[in-house]
Amino acid sequence: MENKKKVAFYTLGCKLNFSETSTIARNFQDEGFDRVDFEQIADIYVINTCSVTDNADKQFKQIVKKAMKLNDKAFVAAVGCYAQLKPEELASVDGVDLVLGATEKFKITDYLNDLSKNDMGEVHSCEISEADFYVGSYSIGDRTRAFLKVQDGCDYKCTYCTIPLARGISRSDELENVLHNAKEISSQNIKEIVLTGVNIGDYGKGEFGNKKHEHTFLDLVKALDEVEGIERLRISSIEPNLLKNETIEFVANSRTFVPHFHIPLQSGSNDILKLMKRRYLREVYTDRVNKIRQVMPNACIGVDVIVGFPGETDEHFLETYHFLNEMDISYLHVFTYSERDNTEAVEMDGVIPANVRSKRSKMLRGLSVKKRRAFYESQLGSTRTALFESENKEGYIHGFTENYVKVKTPWNPELVNTLHEITLTKIDEDGSVRLDFVKELV
């Protein structure tokens, strides 16, 4: 019997990309391929790309190099956001044979005819306006939790962002299908599902391939809360203007949704928010945080923020810094603004020098460390539920509580993928929290 062809995957970027890589990998397995680790010799290497950071471009070249080192005869395919935005650029990288854009990536196995190396990468990328159908995805097998994609694309026109260009209009999975995928995940003994998408608060839009929709994000949350066998559901990232009070109240009383929100702010200055064409002002953000604190005092609240946007003066930056410093939030994801072709921001005046961007980024990262520590300290002595991960890191096993406190305890393989009631005792020097077991749950 002939040997099965081997395929390996590498994912750059967000949780949504991880869920899509998993789906593409299952398509390969259905076609009779064997999936191997990216570190191993394979016949095909598939790289799922990201366009959000400058680094993604450099990383891509290094990953192709790595694949070529393992097997210089291997067939290398690039898919994903960067492949949609700059297909020719990726195709010209030494070793790349195939570049697939937003609509083609889920049909990758159709393009693998003879798997012989091409002199120049072949490009199949649609006009992004054709990316109007929805492919549901979820990731399992790689981690203790699964990422479940519920929505794709974005109708917002933020001036710094290429995602609408890379992923097309906002469209959603049908509710039936999301529930079907959730049941499939829960049947695999996965304890936690993270809902993911480009703009998940917009869920429902494009459910029927047009702008009509029957369901909202709140409907989705309520329906998922009923699915048997899921212990925990987590909302990944949701725009402040789309996170409604009804959703916050539902999560507070829900059976499975955990008290953890990740809400992009991007700037604490209304002037900059307007330049960014965000769909809210900072007052809306304050309202959301206050509402969450009112009904879930122990919730974890994460914030995305961009520094160095064109026109961001020292005053604007300090406005952001003080706004975040005074707010009862738990951690920050800090992004340094980087120029992107075909965005409005590229044409804007008031470009911030790189060294200033970097200094601002450091200041906010320092603030994030302080916020996370204060949040962890506020949780010491409380009893929570921890879900343990699968890795042995230097003799310890790590896990996360429902409100996203990172915990650690000496390695014990029996703890992998189990939920336990614990008391948080003290913060370790590496920043994670030590614990005492109260009793075994599952």
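For clarity, every value in this text was computed on a predicted model and none was experimentally measured.

Colleague: How would you sum up unusual backbone geometry? Please name residues and give values.
Modeller: We note that K277 has phi near 60°; this positive angle belongs to a residue other than glycine. A positive phi angle, close to 65°, is found at Y404, a residue other than glycine. Here Y404 lies in the loop between β17 (396–401) and β18 (406–410). Its relative accessible area of 19% is what places Y404 among the buried residues.

Colleague: A description of the pairing of strand β12 (residues 232–235) should follow, citing residues and the corresponding values.
Modeller: Because side chains alternate across β12, one face comprises the buried residues R232 and R234, and the other comprises L233 and I235, equally buried. Judged from the four bridges that link them, strand β11 (residues 192–196) and β12 form a sheet pairing that is parallel. For L195, the partnering residue across the bridge sits in β12 and is I235.

Colleague: Which residues make up the environment of S237, and what values go with them?
Modeller: Locating S237 in the fold gives a position in the loop between β12 and α8 (245–252). The spatial distance from the C-alpha of S237 to the C-alpha of T383 is 26 Å, given a sequence separation of 146 residues. Leaving out residues up to four positions away in the same chain, S237 has contacts with I200, H262, P264 and D304.

Colleague: So what's going on with the pairing of strand β4 (residues 75–80)? Residues and values would help.
Modeller: Most of β4 sits out of view: six of its six residues are buried. Side chains F75, A77 and V79 project from β4 onto one buried face, and the interleaved V76, A78 and G80 project onto a second face that is buried too. Sheet analysis places strand β3 (residues 44–49) next to β4, joined by six bridges and oriented parallel. Each bridged residue has a counterpart across the sheet, and for Y45 the counterpart in β4 is V76. Sheet analysis places β4 next to strand β5 (residues 98–100), joined by two bridges and oriented parallel. Bridged to A77 within β5 is L98.

Colleague: Can you explain the packing of helix α7 (residues 217–225) against α8? Please cite residues and give values.
Modeller: In contact at an axis separation of 10 Å, α7 and α8 are set at 10° when each is read in the N-to-C sense. When the interaxial angle is binned, α7 and α8 end up roughly parallel. In the packing of α7 onto α8, the handedness of the crossing is left-handed. Together, F217, L218, V221, K222 and D225 of α7 and E246, T247 and F250 of α8 make up the contact between the two elements. In terms of residue class, the contact of α7 with α8 is made up of four nonpolar, one polar and three charged.

Colleague: Outline the sheet that holds strand β7 (residues 138–139), supporting the account with residue identities and numerical values.
Modeller: Strand order in this open sheet of four strands is β7-β8-β11-β12, and the pairing throughout is mixed. Two strands in the sheet have a free side with no partner beyond their single neighbour: β7 and β12. Two strands pair when backbone bridges link them, and β7 and strand β8 (residues 145–149) are joined in this way by two bridges, in the antiparallel orientation. Counterpart to Y138 in the pairing with β8 is L148.

Quick notes on the rules
Every residue gets a number counted from 1 within its own chain, in the order that chain's sequence is written. Restriction of local features to residues with pLDDT of at least 70 applies here, the model being predicted, together with a cutoff of 80 or more for giving and counting side-chain atom pairs; totals for whole chains, interfaces and linings are based on all residues. Hydrogens and water molecules were not included; the side-chain quantities draw on all heavy atoms of the structure. Helix and strand assignments come from DSSP, with helices taken as H or I runs of at least 4 residues and strands as E runs of at least 2, each series counted from the N terminus. Each residue is placed in one exposure class: buried if its accessible area under a 1.4 Å probe, protein chains only, is under 20% of its type's maximum, exposed if it is over 50%, and partly exposed if it falls in between. For two strands to be treated as a pair, DSSP must find at least two bridges joining them. Contact criterion: two residues are considered in contact whenever any of their non-hydrogen atoms come within 4.5 Å of each other. Here the axes come from fitting lines to C-alpha atoms, over the contacting stretch only for helices, and the angles between their N-to-C directions go from 0 to 180 degrees. Our angle categories are set so that under 35 degrees counts as roughly parallel, over 145 as roughly antiparallel, 65 to 115 as roughly perpendicular, and the remainder as oblique. A crossing counts as left-handed when the near helix is turned anticlockwise from the far one by less than a right angle, and as right-handed when that turn is clockwise. Gly counts as polar in this scheme, as do all residues outside two lists: the nonpolar Ala, Val, Leu, Ile, Met, Phe, Trp, Tyr, Cys and Pro, and the charged Asp, Glu, Lys and Arg.

Purely geometric stuff here, so don't read any function into it on its own.
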